[in-house]
Amino acid sequence: IGSAVDGRVQEFLVNQGDPVREGQVLAQLRTETLEIELAAAEAELELYKQQLAQLENGSRPEDIAEAEANMFGARAAVNNANSKLRRIKSLTTTGAARTADLEDAKEQAEATKFALNATEALLKRVKEGPRTETIAQAHAQVELQSQQRNLLKDRITKFTIRAPFDGFVAEEFTEVGAW
């Protein structure tokens, strides 16, 4: 009976002359490193599952409330900047304000409009939640990691040498500690 993989024999469970049944473990190769890799793969799979759940749950009410508050603040800033612009225009026509002050007020009003547009876009994104493509990518990541875990489990099973049929151990060609 041969091994499908190379490795150091950790246990040799039968002796020459022993009867064996199909599926009985004959020898066990060391799997500590693979078991560590498997534990890491399972932890990473759990991480990806939690990230997927977070995406599927969408935005939290607190996040929506924060985005709405930012938008209301931006609207107030726009109103304030427009009001200031109107006052400066009025004062400029009477000569009580400088042209530079008017230009500053125009720039401020323009900047606050851009800030409002940005906060409205952010609010829309937060309310809509993650894109379907992002969720699909997270599903794919979970599936990929699940298959990675399955691959490691399969490799670990190959480190256990089992009898393929009923019979007797005719001769031993290895021992504990051998490669």
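Use the structure listed above.
Here's what I pulled together on the structure shown here. Position numbers for residues start from 1 in each chain and track the written sequence from start to end. This being a predicted model, a pLDDT of at least 70 is required before a residue's local features are given, and a value of 80 or more before pairs of side-chain atoms are given or counted; all residues contribute to the totals for chains, interfaces and linings. Working from all heavy atoms in the structure, the side-chain values ignore hydrogens and water.

### Quick notes on the sheet that holds strand S4 (residues 160-162)
Strands pair in a sheet through their backbones, by hydrogen bonds, and they do so in one of two ways: parallel or antiparallel. DSSP calls a pair of strands paired once it identifies at least 2 bridges connecting them. A helix here means a DSSP run of H or I that spans at least four residues, while a strand means a run of E at least two residues long, and both kinds are numbered starting from the N terminus. Strands sit in the order S1-S3-S4 across an open sheet of three strands; the sheet is antiparallel. Lying at the two open borders of the sheet, with one neighbouring strand each, are strand S1 (9-12) and S4. The sheet shows a mean angle of 20° between the axes of neighbouring strands, direction not considered. Both strand S3 (residues 25-29) and S4 contribute to a ladder of three bridges, which runs antiparallel. Of the residues in S4, the one forming a bridge with glutamine 28 is threonine 160. Convention adopted: a line fitted to C-alpha atoms gives each axis, helices being fitted over their contacting stretch, and angles between N-to-C directions are expressed from 0 to 180 degrees.

### Regarding the nonpolar core
In plain words, nonpolar cores are sets of buried Ala, Val, Leu, Ile, Met, Phe, Trp, Tyr and Cys residues tied together by side-chain atoms within 4.5 Å. Partly exposed describes any residue whose relative accessible area lies between the buried limit of under 20% and the exposed limit of over 50%, with all areas from a 1.4 Å probe on protein chains only and scaled to the type maximum. The biggest cluster of nonpolar side chains holds 15 residues, and the ones touching the most others in it are Val14, Val20, Leu26, Leu29, Leu34, Leu152 and Ile161. Broken down by secondary-structure element, the contributors of at least two residues to this core are S3, helix H1 (32-57) and helix H4 (132-157). We call two residues in contact whenever any of their non-hydrogen atoms come within 4.5 Å of each other. Here valine 14 is in contact with Val20, Gln24, Val25, Leu26, Val169 and Glu172, once residues within four sequence places are set aside. Judged by nonpolar contacts, the second largest core, of seven residues, contains Met71, Ala74, Val78 and Leu123.

### Examining the environment of asparagine 150
Within the element layout of this structure, asparagine 150 appears in helix H4. Asparagine 150 gets classed as partly exposed once you look at its relative accessible area, which sits at 31%. On a C-alpha basis, the gap between asparagine 150 and alanine 41 in space is 9.4 Å, while along the polypeptide they are 109 residues apart.

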